Amino acid sequence: MHTHFNDLQHRATRRNKVVGAAEAVRLIHDGDTVATGGFVGIGFAEAIAVALEARFLAAEAETGSGSPRDLTLVYAAGQGDGKTRGLNHFGHAGLVRRVVGGHWGLVPALQKLAVDNQIEAYNLPQGVISHLFRDIAAGKPGTLTHVGLDTFVDPRHGGGRINARTTEELVRLMEVNGKPYLFYQAFPISVGIIRATTADPDGNLTMEREALTLEVLAIAMAARNSGGIVIAQVERIAERGTLHPRMVKVPGVLVDAVVVATDPAHHMQTFSEQYNPAYSGEIRVPMDSLPVMPLCERKVIARRAALELRPNAVVNLGIGMPEGVASVAAEEKIIDLLTLTAEPGVIGGIPASGMSFGAAINTQAVIDQPNQFDFYDGGGLDIAVLGLAQADQHGNLNVSKFGPRLAGAGGFINISQNAKTVLFVGTFSAGDLDVRIEDGRPRIVSEGTAAKFVQAVEHRTFSGAEARRRGQRVLYITERCVFQLANEGAAQRLELIEIAPGIDLERDILARMHFVPLISPQLRLMDAALFSDEPIGLRERLLSTPLAQRFELDAEHKRLFINFEGLAIDAASDITDIESLLSALLAPVVDRDEDRVAVVVNYDNFSILPALIDDYSAMVQRLAARFYGQVTRYGTGGFLKARLEAK
């Protein structure tokens, strides 16, 4: 009875953390370091940003000096609409003193302050900042990574500082075990501003209607463990004790104030859609409901990039031109053969575009942004398709700064440095380019006024030398030609490997470049199907792997991988060919019983004529008797898998 009374007394004295937006922003003081979460408009706490701006402007009007002032603003992904929303609310002289951001293109108000040298400004990789939040939470001195080497964030090339006013070094070059790394300095977070869907009076947060989870937990922990505060915006309040603990993304112990967005415009799921149930996983959208991309230069470029896709590949698609690859993949019905991802945490499905970029429909999973960048930085991406804004003779790329226009790198550096294959896609030139696709070829009506292939890039967002050192395959794909990063002796060079039909090499390509590329002795025409109104038959292309390329033998460890995905056995000769190829491959390796190989067979989308199943099974048994040890079979050819295992 005594315990029960104490429990009731404790409940009666527990603080209700729900406050108004104006009250919440009064917790922010002059000189604070403020971290905000969001991706474009997804997960951004617009109501809190509006209230903070209103407080600053009201104080400025009343006293001549806005409050709070001289803030340090830290954010990973770009948070804005390119106009007035998002972090543009912070874009007032005096409100911020320093900005450390991953992307600047969507926040012109802050961008202007940086370009005009009115604030200290840094552009660091998006993935690094998301990891930095986590490392600050863990009390670490900073983040040590290879990400950013030989780019503009490398202290040898500027250290991420983007104007003359910015002098303090936040990035240092270090050597560990004889290899170079970059060390990004940690700093305490005074205020974390995050967003969720539902809160209870104790501040527990769930995110069931959000398109992404981003780094809300990392920011909350970083602020709390720095001795700071956390302000969370939600759209609704639940009764205390009713939120399922497994649904709680941020525990209330980390949250100091909860603000309910009273204006629906301040809690849109994305900056272009109030709420799309497909983005939150509430429903799945029929694939045939997606619009088909019209034939144009963008589709030609997207199709050529799509030819580099491979079954089971894990792929990242950037914003802008790369988004077309998802459209082509859907039209060609190959989405099920790939795993498309987006850096804020999307795994699988089809990425959204425009102001909804970062969200996706029909996803397999949505994970936190720092975890996604763990996967990316560690080499988990097979293919990345990214924008091509400016390239030079060494294969370096610039997408981050053009004269006074500061776009920033976003996740570009993390992604481009770590994917096994990188495809840079974009038109050959910029500025008033007019290209029509007619009669199976591109026709240049008017050439672009700005060259993209220059002697030296203005800002190095991607390093050709670093790509070569890491063994990456790099292509530069345009509507009229394709280059690859080649290695001529010790120098990295761009090599022209494909040209579109009807394009004049000298007039349309070489004369419009600021350097002379290598020209491959095997220079070939781009695939004619790219310029056709009809689908290019990409699914059949991806699944028609030559038989000899379906066997991968690790002789040292006695392991054989057989990729029969999409293979169709239509004749007895197919069975004979398989047996002959495998016998020739394994005979030199297996000459005693103890030398037998472990075998893994992928039967995804495998098919065989019923009349050939017995012959196929007999062939498998003969090979097993001669060469195989343990055999593992998987895939959707379940009837055959079961039959073989029964034998």
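Residues numbered from 1 in each chain as written. Predicted model: local features only at pLDDT ≥ 70, side-chain atom pairs only at ≥ 80, totals over all residues. Heavy atoms only, no water.

Looking at this model, I keep getting lost on the overall build of the chain. Mind explaining?
Check the secondary structure of the chain and you find 16 helices and 42 strands. Taking 647 residues into account, the globule formula puts the C-alpha radius of gyration at 26 Å, and the chain, at 28 Å, falls close to it. For the chain, the proportion of its 647 residues judged to be buried stands at 55%. In the chain, the share of contacts with a sequence separation of at least 24, taken over all contacts with a separation of at least 6, comes to 74%. With 63 positive and 76 negative side-chain charges, the chain shows a separation of 2 Å between the mean positions of the two kinds. (Helix = DSSP H or I, 4+ residues; strand = E, 2+ residues; numbered from the N terminus. Rg over C-alpha atoms; globule rule 2.2 N^0.38 Å. Buried < 20%, exposed > 50% of the residue type's maximum accessible area, 1.4 Å probe, protein only. Contact = heavy atoms within 4.5 Å. Lys, Arg positive; Asp, Glu negative; His and termini not counted. Charge placed at Lys NZ, Arg CZ, Asp CG, Glu CD.)

Mind showing me how you'd approach the confidence of the model for the chain here?
Interpretation of this model should avoid reading the predicted coordinates in detail wherever pLDDT is low. With 95% of its residues at a pLDDT of at least 70, the chain reaches an overall mean of 93. Contacts for the low-pLDDT stretch residues 1-12, under 50 throughout, to residues beyond four places or in other chains number zero contacts. (pLDDT = per-residue confidence, 0-100.)

What's the story with the sheet that holds strand 2 (residues 33-36) in this structure? I'm lost.
Strand pairing in a sheet relies on backbone hydrogen bonds. The paired strands run either parallel or antiparallel. Ordered by their spatial adjacency, eight strands build an open sheet running 1-15-12-9-2-3-4-5, and the pairing between neighbours is parallel. Edge positions in the sheet fall to strand 1 (18-19) and strand 5 (120-123), since each of these pairs with one other strand and no more. When strand 4 (residues 96-101) meets strand 5, the two strands line up parallel, connected through four bridges. Among the inter-strand pairings, Arg-98 is bridged to a residue of strand 5, identified as Glu-120. Against the sheet, helix 5 (residues 126-137) contacts strand 2, strand 3 (71-75) and strand 4, and its axis sits at roughly 110 degrees relative to strand 3. (Pairing = 2+ DSSP bridges. Axes fitted to C-alpha atoms, helices over the stretch in contact; angles between N-to-C directions.)

Honestly, unusual backbone geometry in this entry has me stumped. Any pointers?
Leaving glycine aside, a negative phi is the common case for residues, and trans is the common case for peptide bonds. A cis amide bond links Ser-67 to the next residue, Pro-68, at an omega of 0 degrees. Along the chain, Pro-68 falls in the loop between helix 3 (46-63) and strand 3. The residue Asn-362 is not glycine, and still its phi comes out positive at about 55 degrees. Relative to the helices and strands, Asn-362 resides in the loop between strand 20 (360-361) and strand 21 (365-366). A positive phi is found at Lys-558, a non-glycine position, where the angle reads about 55 degrees.

Help me understand the sheet that holds strand 32 (residues 453-454), please; the structure alone is not making it clear to me.
Strand order across the open sheet formed by three strands is 24-23-32, with mixed pairing between neighbours. Strand pairing shows two members of the sheet lacking a second neighbour, strand 24 (397-398) and strand 32, which therefore form its edges.

Looking at this structure, I do not really get the packing of helix 5 against helix 9 (residues 369-377). What am I missing?
Any two packed helices are characterised by how steeply their axes cross, that is the angle between the axes, and by the distance between the axes. Where helix 5 meets helix 9, the closest approach of the two axes is 9 Å, and the angle between their N-to-C directions is 125 degrees. As judged from the angle between their axes, helix 5 and helix 9 are oblique. Between helix 5 and helix 9 lies a crossing of left-handed hand. Contact with helix 5, carried on its side by Gln-126, Gly-127, Ser-130, His-131 and Arg-134, involves Gln-369, Pro-370, Asn-371, Phe-373, Asp-374 and Asp-377 of helix 9 and no other residues of that element. Across the contact of helix 5 with helix 9, the residue classes break down as two nonpolar, six polar and three charged. (Parallel < 35°, antiparallel > 145°, perpendicular 65-115°, else oblique. Left-handed = near helix turned anticlockwise from the far one by under 90°. Nonpolar A, V, L, I, M, F, W, Y, C, P; charged D, E, K, R; others polar.)

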